[in-house]
Amino acid sequence: MQLVAELGSPSLLPRRQVPSSACGSWLLHTRRAEAPGPAGMAPALQPEQRDSATSSSELLHTVIGRSIFSSSISAAAERISAILQQEEAGDRKCPLLFVQLNELLSTAAGLAWRETARWIKFEEKVEDGGERWSTPHVPALSLHSLFELRTCLQEGIVLLDLSAHSFKEIIEKALSVQPEVWEPDLQDCLAALLLQQPLHRTTVTPLRVLTELSLAPCRGKAKSYPEPRTQLSEMPLKEQLRNRFKKKLLPGSEVANVMVGEVNFLKKPFPVFIRLREAVTLGSLTEVALPSRFLFILLGPQAKAKAYHEIGRAMATLLTDELFQRVARQAKHQEDLIAGIDEFLDELTVLPPGKWDPSDRISPPSLLLSPNKRVSVHLREWKSHCNGNTTAAKDRPSPAHLHTSEELERTGRLFGGLLRDIRRKARWYRSDFSDAMHIQCLSAVLYIYLATVTNAITFGGMLGDATANMQGVLESFLGTALAGSIFCLFSGQPLTILSSTGPVLVFERLLFSFSEDYGLDYLEFRLWIGLWVAFFGLVLVATEASHLVQYFTRFTEEGFCALISLIFIYDSLKKMLSLTEAFPINWHYRADDVTLYSCTCNLSGPGHLSEGNNTLSPPPTALQQPPAASAALSKAQCLGQGGHLLGTSCQYVPDIALLSFLLYGGTFLCCTMLKHFKSSRYFPMGLRKLVSDFSIILAILIFCAIDAALGLETPKLLVPSELKPTNPMRGWIVFPFGANPWWICLASVVPAILVTILIFMDQQITAVILNRKEYKLQKGAGFHLDFLCVSLLMIVTSVMGLPWYVSATVISLAHMESLRKESTASAPGEQPEFLGIREQRLTGLVVFILTGVSVFMAPILKYIPMPVLYGVFLYMGVAALNSIQFMDRVRLLLMPAKHQPDHLYLRHVPLRRVHLFTFIQLLCLAMLWVIKSTAAAIVFPVMLLALVGIRKALECIFSLHDLSWLDNIMPAAARKEAEGKLHRKKEEQESNADEEFELMYRQGPEINISVN
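First things first, this report covers the structure right here in the doc. (Residues numbered from 1 in each chain as written. Predicted model: local features only at pLDDT ≥ 70, side-chain atom pairs only at ≥ 80, totals over all residues. Heavy atoms only, no water.)

### Let's talk about the overall build of the chain
Okay, so step 1: Looking only at helices and strands, one finds 36 helices and 16 strands in the chain.
Okay, so step 2: Scored against the burial criterion, the 1012 residues of the chain give a buried share of 50%.
Okay, so step 3: Contacts in the chain between residues at least 24 apart in sequence constitute 80% of all its contacts with a sequence separation of at least 6.
Okay, so step 4: As displayed, the chain has an accessible area near 48,600 Å², and 60% of this comes from carbon and sulfur atoms. (Helix = DSSP H or I, 4+ residues; strand = E, 2+ residues; numbered from the N terminus. Buried < 20%, exposed > 50% of the residue type's maximum accessible area, 1.4 Å probe, protein only. Contact = heavy atoms within 4.5 Å. Areas by Shrake-Rupley, 256 points an atom, 1.4 Å probe, with all protein chains shown as cover.)

Structural data, given as structure tokens:
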């Protein structure tokens, strides 16, 4: 954490004047704000005075651990590193610390303690009116107050691991440390003052605020604070127990109390820092009834305005710093705390005066460096300095995550990887069902169910058009339910959603065309291809071919994910544009000609059917009515009785296409807005999270209601209502022999190889994307087990004449996104922490079961407009597209350099190299799209495999340093780089050993080497 120092603030201690130098004015101002060193307090506060010859440069050298004039590590840095190493060996976790600042203020009734600020991660102040808390903000401290706090800890009382059970006992033990300094009467005054009940500003519900405002006129003039109590209660008060702010704290959180103030009866300050051996609830001392661990008390004579307040804020901010808090918990001596402050000052960032407004409150960042990572960086820097390596740890390139985990290690045995996957997943099998008992899983089931049904209808209709209904919507429903349920029960990654995908649909279309051209039976030919694919899949599983997944770097993943996402977006737009043909917009409608439009039923003879889809311009004979016309018959009744429609408005339809596009765009925007509603400022966090979890369902319900209210006949979701094949010429079982020549079973090997490549690439790239490190999956992956399930399902679907299924990238990503786990308790101003994915099997299983029984839910599903579901498709495609780094780099092509976001890779890779890498990815994506959409689609599986080769060739254009930031380093290059580093390290060690040997036995005068 980095704090900013507000220079030029009022201070407890007088400033030392330093001679001017060539440095900038702001640096001189910083030095003028320094406090005296550790020898004593200010002249106005303590009789002992420091030697005035101590310079500010000496003070900074004493405080700050690193200096360009010294090659050695300071004692403070060594002490901090030893404490952190000891804590790292013990694997101790620091509980969250709530810090409360109580300040002694003068009131009409006398001196009283009042809560003026509080911290969890960021600072909140009680506003001047005393009626509300400020927004959380990053604390801006006075640099002078930090130096004075250091002096307080160095010269004051420090009690570590104090055993006490009440606040009164703590005060008695603190005052008894120096009985010769404090007179008995003075001790009694201090104890009576410290044991007064502080006045807290508790967090109340909005309903209670409205109630108090409504009753305020009846009570008279409202008071900002209640009357102070005379004695601290040993038990928590009722308002403490009802305080809603406690929900922001994690279980096991502790409290730190900071108490500062001015009193007239003291001649010198009374600073005390206490760490309790066991955390104890100190009655009504704090706003929340939680056990206290730390106490800091600072009372003293009158000083400059807000001097004690600033020192109290400095102490509270230090205690919220994760690194100092770890030091304070492990400190054995008083010097350990001083070393902690020195390390804090070493990481401090100073803002020059006059370049910013100190009254401005700095908003909390969206992302904080984790405490563990910060500690590890500190240890690495210390070790690297000790080893003579001056390169900062944070500036070294950090290669992206490589897929070299246990799941992809070769065992060297047949089916070794598969057996290891089964053993790994077996111990989680029971929890895969119990972990689904959460309300979030219900929203995921509804969301993914509607997406799966829409996808089954869309791809089923396309398959029907491509295969003359040999595979249609019903086969798509039945295959999705059967294959998906089996996969969710036995797969290694049950969060994966199986579906027919665009590349598989392209191959089905080519296969049917080939069968028609050469007079082959399509389903029988397809059966042999599926059997060979299953055989090849078993061979790949037996030989642990999934080990090759580690060659699928970010370059390949992003290219494939972008292609599938664009297919989703393109298909949804294509479906919407097709509605304008079925329901054309009435461009020529004229409101003034409404009396001329008519349509009647003619039962007497052949009628005149009006031509033109939407042209409602009435001919001169439009007003003539046939004698046998019947105005009481509907269109269906008229045509059923052999009649004909006559008139200019017979082909008129309302503007269904326009409404459909409104439903389509409205659903997409509503899904996006509701999904981000949890980060808004309105309503409590629990309600915002609930709305975000059910955002897709709420958007669908809202626009279904709008469609029902308008009553227009928009296209609805129609599912099959009977369990029979779409084409009556086929059955539910496909026989391998009879319709085709015998040699087809052998000739099927060639297309089966292409399908195997396609299935392997499609399945494993999706598996790599879903098992990324950033998703924080705890139960492990199962690459071999997943591919085995997909291979065996090829047999089942081929024998039954059902579509082939593979992992659907976009729907699977949407499934995982709907199951994100975030911390329920977050500090004010802090973004909820991402905890991982709710890993279980039940949501996918229920989704596919509901898909299977959708045939019996046709009366309910028919009320859902198809444009609404196409809007959900658009949202899923856009969400998946925005989740990859590729899109961030595409946006950089359109941004001037000064407006570009501060991405980490932009700090280490030249911008022109970033643009070149992005341009190559765009070319590969365009090549895949063209091949998929043309007659060359038969080689599409090979082109997916070619992406790996293209990525390998990029190592001739880009350095490994650039690729480590823009992409993953491929295994061969990573091993080569590791071997090179090891070789260089050995050479350095041998060189150092030779130099030491030479120095030891060198003849000549003695040489003294200073390391100070």
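### Focus: the sheet that holds strand 7 (residues 254-262)
Okay, so step 1: Taking strand neighbours across the sheet as the criterion, the seven strands line up as 4-3-2-7-9-8-6 in an open arrangement whose pairing is mixed. Taken across any chain shown, the strands that pair with only one partner, and hence form the sheet edges, are strand 4 (123-125) and strand 6 (157-162). The mean inter-strand angle of the sheet, taken between neighbouring strand axes irrespective of direction, is 20 degrees.
Okay, so step 2: Pairing between strand 7 and strand 9 (residues 292-300): eight bridges, direction parallel. If you follow M259 over to strand 9, its bridge partner there is I297.
Okay, so step 3: On the sheet, helix 4 (residues 143-155) packs against strand 6, strand 8 (270-280) and strand 9 and is oriented at approximately 100 degrees with respect to strand 9.
Okay, so step 4: Lying over the sheet, helix 9 (residues 307-320) contacts strand 2 (97-107), strand 3 (110-119), strand 4, strand 7, strand 8 and strand 9, oriented at roughly 165 degrees with respect to strand 7. (Pairing = 2+ DSSP bridges. Axes fitted to C-alpha atoms, helices over the stretch in contact; angles between N-to-C directions.)

### Digging into the packing of helix 13 (residues 416-426) against helix 26 (residues 783-800)
Okay, so step 1: Running from N to C, helix 13 and helix 26 point in directions that differ by 100 degrees, and their axes come no closer than 7 Å. It follows from the interaxial angle that helix 13 and helix 26 lie roughly perpendicular. Across from G417, L418, D421 and I422 in helix 13, the residues of helix 26 making contact are F783, H784, L785 and L788.
Okay, so step 2: Taken together, the residues that form the contact of helix 13 with helix 26 break down as five nonpolar, two polar and one charged. (Parallel < 35°, antiparallel > 145°, perpendicular 65-115°, else oblique. Nonpolar A, V, L, I, M, F, W, Y, C, P; charged D, E, K, R; others polar.)

### Regarding the packing of aromatic side chains
Okay, so step 1: Scanning all chains against the criterion turns up 16 aromatic pairs.
Okay, so step 2: Their ring planes at 40 degrees and their centres at 4.7 Å tell us that F514 and Y518 sit as a pair that is tilted.
Okay, so step 3: For Y518, a relative accessible area of 58% translates into the label exposed.
Okay, so step 4: Between F535 and F536, the aromatic rings sit 5.8 Å apart at their centres with planes inclined by 55 degrees, giving tilted as the arrangement.
Okay, so step 5: An aromatic cluster is present here, built from F514, Y518 and F525 joined pairwise through their rings. (Phe/Tyr/Trp six-rings, centres within 6.5 Å; stacked < 30°, edge-to-face > 60°.)

### What to know about the nonpolar core
Okay, so step 1: Of all hydrophobic cores here, the largest spans 141 residues; its most connected members are Y447 and M876.
Okay, so step 2: In contact with Y447, other than residues within four places in its own chain, are I696, I697, A814, S818, V872, Y875 and M876.
Okay, so step 3: Counting 36 residues, the second-largest nonpolar core is a separate cluster that includes L97, F296, L337 and I338. (Core = buried A, V, L, I, M, F, W, Y, C linked by side-chain atoms within 4.5 Å.)

### Topic: the environment of Y870
Okay, so step 1: Within the secondary structure layout, Y870 lies in helix 30 (residues 866-882).
Okay, so step 2: As a C-alpha pair, Y870 and K575 span 295 residues in sequence and 7.8 Å in three-dimensional space.

### Observations regarding the pattern of salt bridges
Okay, so step 1: This structure, assessed with the given rule, holds 26 salt bridges.
Okay, so step 2: Across the pair R329 and E254 runs a salt bridge whose closest N-O atoms are separated by 3.1 Å. Remark: E254 occurs in strand 7 and R329 occurs in helix 10 (residues 322-330); sequence separation between them is 75 residues. Residues R329 and E254 agree in their burial class; the two are buried.
Okay, so step 3: A salt bridge links E955 to R951; the nearest nitrogen and oxygen atoms lie 3.7 Å apart.
Okay, so step 4: You can call E955 partly exposed: its relative accessible area is 22%.
Okay, so step 5: Exposure remark for R951: the relative accessible area of 0% places this residue in the buried category. (Salt bridge = Lys/Arg side-chain N within 4 Å of Asp/Glu carboxyl O.)

### As for the side chain of T667
Okay, so step 1: Inspection of the secondary structure assignment puts T667 in helix 21 (residues 656-675).
Okay, so step 2: Exposure remark for T667: the relative accessible area of 0% places this residue in the buried category.
Okay, so step 3: Of note is the side chain of T667, whose polar atom sits 2.6 Å from the backbone oxygen of L663.
Okay, so step 4: Those residues within four positions of T667 in sequence are excluded, and the remaining contacts are A699, F703, V868, G871 and V872. (Polar contact = N/O pair within 3.5 Å; in protein donor to acceptor, adjacent residues only side chain to side chain.)

### Describing the pairing of strand 2
Okay, so step 1: Across the 11 residues that make up strand 2, a large majority, nine, are buried.
Okay, so step 2: As judged from the eight bridges shared by strand 2 and strand 7, these two strands associate in the parallel manner. In the strand pairing of strand 7, N102 is matched with M259.
Okay, so step 3: Two elements, strand 2 and strand 3, share nine bridges in a ladder whose sense is antiparallel. Pairing of L104 across the sheet is with W113, part of strand 3.
Okay, so step 4: In this structure, the hairpin formed by strand 2 and strand 3 is closed by a connection of two residues.

### Considering unusual backbone geometry
Okay, so step 1: Positive phi, close to 60 degrees, is recorded for D161, a residue that is not glycine.
Okay, so step 2: If you check the backbone angles, K776 has positive phi at about 55 degrees while not being a glycine.
Okay, so step 3: Along the chain, K776 turns up in the loop between helix 25 (749-770) and helix 26.

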